[in-house]
Amino acid sequence: MAALQIKRLTAQDAALARRWDEFVLACPQATFFHRAGWLRMVEQVFKHQGFFLYAEREGEIEGVLPLAQVKSMLFGHSLVALPFAVYGGVAALNDEAAAALEQEAQAIAQRLGAEHLEFRNIAPRHADWPKQDLYVTFRKEILPEEEANMLAIPRKARASVRKGIKNNLVSHIDPTVDRFFALYADNTHRHGTPAMPKRYFAALLDEFGADAEVLTVTDAQGKPLSSVLSFYFRDEVLPYYAGDDEAARDLAGNDFKYWELMRRACARGCKVFDYGRSKQGTGSYAFKKNWGFEPTPLHYEYCLYKRDAVPQNNPSNAKYQLLIKTWRRLPLGFVNWLGPFIVRNLG
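So, how was this worked out
- Residues numbered from 1 in each chain as written.
- Predicted model: local features only at pLDDT ≥ 70, side-chain atom pairs only at ≥ 80, totals over all residues.
- Heavy atoms only, no water.
- UniProt positions renumbered as here; feature names shortened; annotations may be inferred.
- Pairing = 2+ DSSP bridges.
- Helix = DSSP H or I, 4+ residues; strand = E, 2+ residues; numbered from the N terminus.
- Axes fitted to C-alpha atoms, helices over the stretch in contact; angles between N-to-C directions.
- Domains from an automatic or database assignment.
- Phe/Tyr/Trp six-rings, centres within 6.5 Å; stacked < 30°, edge-to-face > 60°.
- Buried < 20%, exposed > 50% of the residue type's maximum accessible area, 1.4 Å probe, protein only.
- Lys NZ or Arg CZ within 6 Å of the ring centre and 35° of its normal.
- Salt bridge = Lys/Arg side-chain N within 4 Å of Asp/Glu carboxyl O.
- Lys, Arg positive; Asp, Glu negative; His and termini not counted.
- Polar contact = N/O pair within 3.5 Å; in protein donor to acceptor, adjacent residues only side chain to side chain.
- Contact = heavy atoms within 4.5 Å.

In the annotation of an unreviewed UniProt entry, the chain is listed under the name Peptidoglycan bridge formation protein FemAB and assigned to Kinneretia aquatilis. In the Sequence similarities (unreviewed entry) part of its UniProt record, the chain is described as follows: "Belongs to the FemABX family."

As C-alpha cells, then:
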C-alpha cells in the first residue's frame, strides 16, 4: 500500500478546494465547518494564518483537519480546529489518517510556539487530554410534515409560535445581511459582547451561496424584529448567528423566527435541526430546552504546551464582567467599529 501523505490546502487552489468539499460532503464525521470555504474566512476576513491539512494516498483524500492560528496579547496564542466554529477536529475515513493529521497539527503548534492546541470534537478522541466542559449542542429530527413539527414543539413554546402567527408576523429570505446585521449588532451590544464585522457575514453569503441564508421576521408594518443567518449541510439546517429587536419579545418574534426556519427547512427536505452550541446555565440553553431539544456535551479537547489549564475566554468568566458592563454603556457606532478588532482574537 502506498504511503499516506499530509498536505496543505491553499486559498488559491480552487480545484483542490472542490475535491476537499466533495470529501467533506461524503465523510460521516465531517460538518459544515470542515468545508474549504472557512479558509477564506480565517485568512481574508480575520487575518489569521490557516493550516487546512489533508491526508492523501494515491490521489485520494482520506481525511481533513482545518486549523487556524489565533495569536493575541489579550487572549493568548493557540492553534484551533476551528475558531468561529461550533464543531471541528479531524474528519477522516480511517484511524491512520486521523492520527497522522493530529500528529502534524501538534508539530505545527509546537513550531509556532502556541500555548495550546484545541480540537472542537463532537465525539471524544483523547481521554487523557484536558477538556472544556462548558458547551453542549442541541440537535433534533425534523419530521416530514409541517403540522407534525408544530405539534412536536412543547406546549409553552408552541403557544409562543402561535402568538407570533396571530400577531401577523412575516418571514422573509433576505438577499443581503443589512437587516440581519442591524439586529445582530444591537443585540450583542445589549449583552455586552463585541460583534463580528458586517463584512464577515457578507463573505459567508458570498462564499457558501445557497448553503448560507438570512431569514428575517418583520411585523405587519414591515419593521424588522428578528433575524437569523443559517447554514445548510447535507440534510441539516444550522441556525448560527441571530439578533432580535427589543420589541420581538412582546410579539413572540424569536420563537416565530425559529418556527419559520424549521417550516422552511422541512419544505426544503431537511431532516435535522441543529440548534448549535450553548453554554450550560445560560438563557440560550434554557430557550432550546424549552423547545424540546436535549443537550449533548461537546468534547473540546486541548493539548497544553505553555499553560497549566484550559483557557476560559468566554463571557461566563467572572474576570470579564466589568468589561461587559462597560461595553453596554458605549455608543453602538463605536462598539461596531472596535468590536471586530477584539472578536477576531476570541474565535
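Next comes the rest of the write-up.
Turning to the sheet that holds strand E11 (residues 224-233), a few remarks are in order. A sheet is described by the order of its strands in space; here seven strands give the open sequence E9-E10-E11-E12-E13-E8-E14, paired in mixed fashion. Since the sheet does not close on itself, it has two edges, and those belong to strand E9 (170-174) and strand E14 (295-297), each with one partner. When strand polarity is set aside, the average angle formed by the axes of neighbouring strands in this sheet is 30°.

Domain boundaries assigned for the chain yield domain 1 (5-132 + 299-344) and domain 2 (136-297). On a C-alpha basis, the centres of domain 1 and domain 2 stand 25 Å from each other.

Here the focus is the packing of aromatic side chains. The final tally for this structure, using the stated rule, is 38 aromatic pairs. Relative to Tyr240, the ring of Phe33 has its centre 5.0 Å away and its plane inclined at 45°; by these criteria the two rings are tilted. Placement of Phe33 in the loop between helix H1 (14-26) and helix H2 (38-45) and of Tyr240 in strand E12 (residues 236-244) is noted, with a sequence separation of 207 residues between them. Judged by centre distance (5.9 Å) and plane angle (55°), the rings of Tyr258 and Phe287 are tilted. Placement of the pair is Tyr258 in helix H9 (residues 253-267) and Phe287 in helix H10 (residues 283-290), with a sequence separation of 29 residues. The class for Tyr258 is buried, based on a relative accessible area of 10%. Of note, Lys140 hangs over the ring of Phe293, and the distance from its end group to the ring centre comes to 5.5 Å. Residue placement shows Arg268 over the ring face of Tyr232; its charged tip is 3.5 Å from the ring centre.

The peptide bond linking Ala81 to Leu82 adopts the cis configuration, its omega dihedral lying at 10°. If you trace the backbone, Leu82 turns up in the loop between strand E4 (76-81) and strand E5 (91-92). Unusually for a residue other than glycine, Lys47 sits at a positive phi of about 60°. Assignment of secondary structure puts Lys47 in the loop between H2 and strand E2 (49-57). Unlike most non-glycine residues, Ala252 shows phi in positive territory, near 65°. Turning to its location among the elements, Ala252 is positioned in the loop between helix H8 (248-251) and H9.

The next subject is the pattern of salt bridges. Two side chains of opposite charge can pair, provided their charged atoms sit close to one another. Under the criterion given, the structure shown has 20 salt bridges. A salt bridge links Lys7 to Glu56; the nearest nitrogen and oxygen atoms lie 2.6 Å apart. One end of the pair, Lys7, is in strand E1 (residues 5-9); the other, Glu56, is in strand E2, and 49 residues separate them in sequence. Residue classification places Glu56 among the buried positions, given a relative accessible area of 8%. Residue Arg19 pairs with Glu56 through a salt bridge whose shortest N-O separation is 2.8 Å. Of the two residues, Arg19 is situated in helix H1 and Glu56 in strand E2; the sequence distance between them amounts to 37 residues. You can call Arg19 partly exposed: its relative accessible area is 31%. Several salt bridges share partner residues, and in doing so they unite Lys7, Arg19 and Glu56 into one network.

This brings us to the side chain of Glu301. Tracing the sequence through the fold places Glu301 in strand E15 (residues 299-304). Buried charged residue Glu301 carries no salt bridge. Nearest counter-charge: Lys131, at 4.3 Å. At 2.9 Å, the side chain of Glu301 forms a polar contact with the backbone nitrogen of Arg125. Filtering out sequence-adjacent residues up to four positions away, Glu301 remains in contact with Leu117, Glu118, Phe119, Asn121, Pro124, Arg125, His126, Trp129, Pro130 and Lys131.

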